[in-house]
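Inside the fold
Spelled out from the first residue to the last, the chains are:
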Amino acid sequence: MSYAVGPGDLVLCVNVAPNHVTGEPVPLVAGESYRVLEVMEFACPCGRSDALLDVGVGFAWCQTRFRLMPKPRFEAKTRAAPTPKQKVKAR
């Protein structure tokens, strides 16, 4: 996944199992999205991923805890400005 994730991308936390190196509980929340601050090309000690993600919570987390969220599609739409209605004078 490290090839697809970069700084600024949104990822969804899908795994809040205890830290698989120390066994301590993690401060991440399942189903919550996080913005990636940095991708560290360093093999996780668990052996399941080739990069660690820094999401601003704790230090860095195994990328297997996250799924990349799709980028929003912005389409510029040109809208006509509403014109005021003209009053017709009756004589």
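In case you missed it, the structure is sitting above this.
My aim in this report is to walk through the structure given alongside it, one point at a time. None of these values were measured; they are calculated from a predicted model.

Here the focus is the overall build of the chain. Helices and strands together make up the secondary structure of the chain, namely zero helices and six strands. Start at the N end of the chain and walk to the C end: the helices and strands fall as β-β-β-β-β-β. Here the C-alpha radius of gyration of the chain, 23 Å, is well above what a compact globule of 91 residues would show, namely 12 Å. C-alpha atoms of the chain, sized along the principal axes, occupy 90 × 25 × 15 Å. The buried share of the chain, reckoned over its 91 residues, is 27%. Long-range contacts, defined here as pairs at least 24 residues apart, represent 49% of the contacts in the chain between residues at least 6 apart. Side chains of the chain give 12 positive and 8 negative charges; the mean places of these two sets differ by 27 Å.

A few words on the packing of aromatic side chains. All told, the structure shown has one aromatic pair when counted by the stated rule. Taken together, a centroid distance of 6.2 Å and an interplanar angle of 80° make the contact between Tyr 34 and Phe 66 edge-to-face. With Tyr 34 in strand β2 (residues 33–35) and Phe 66 in strand β6 (residues 66–68), the pair connects residues that are 32 residues apart, well separated along the chain.

Turning our eyes to something else, we now look at the sheet that holds strand β4 (residues 52–54). Within the open sheet, the three strands sit side by side as β3-β4-β5. Their pairing is antiparallel. Either end of the sheet is taken by a strand with one partner, and the two such strands are β3 (38–40) and β5 (61–62). Sheet topology note: the β4/β5 ladder contains two bridges and is antiparallel. Bridging across to β5, Leu 52 finds its partner in Cys 62.

Attention shifts here to the side chain of Asp 9. Tracing the sequence through the fold places Asp 9 in the segment before β1 (10–13). Polar contacts involving the side chain of Asp 9 include one to the main-chain amide nitrogen of Gly 6, which spans 2.8 Å. With residues near it in sequence (within four places) discarded, Asp 9 still touches Ala 4, Tyr 34, Arg 35, Val 36, Leu 68 and Lys 71.

Here is what the cut-offs are and how they apply
Residues numbered from 1 in each chain as written. Predicted model: local features only at pLDDT ≥ 70, side-chain atom pairs only at ≥ 80, totals over all residues. Heavy atoms only, no water. Helix = DSSP H or I, 4+ residues; strand = E, 2+ residues; numbered from the N terminus. Rg over C-alpha atoms; globule rule 2.2 N^0.38 Å. Buried < 20%, exposed > 50% of the residue type's maximum accessible area, 1.4 Å probe, protein only. Contact = heavy atoms within 4.5 Å. Lys, Arg positive; Asp, Glu negative; His and termini not counted. Charge placed at Lys NZ, Arg CZ, Asp CG, Glu CD. Phe/Tyr/Trp six-rings, centres within 6.5 Å; stacked < 30°, edge-to-face > 60°. Pairing = 2+ DSSP bridges. Polar contact = N/O pair within 3.5 Å; in protein donor to acceptor, adjacent residues only side chain to side chain.

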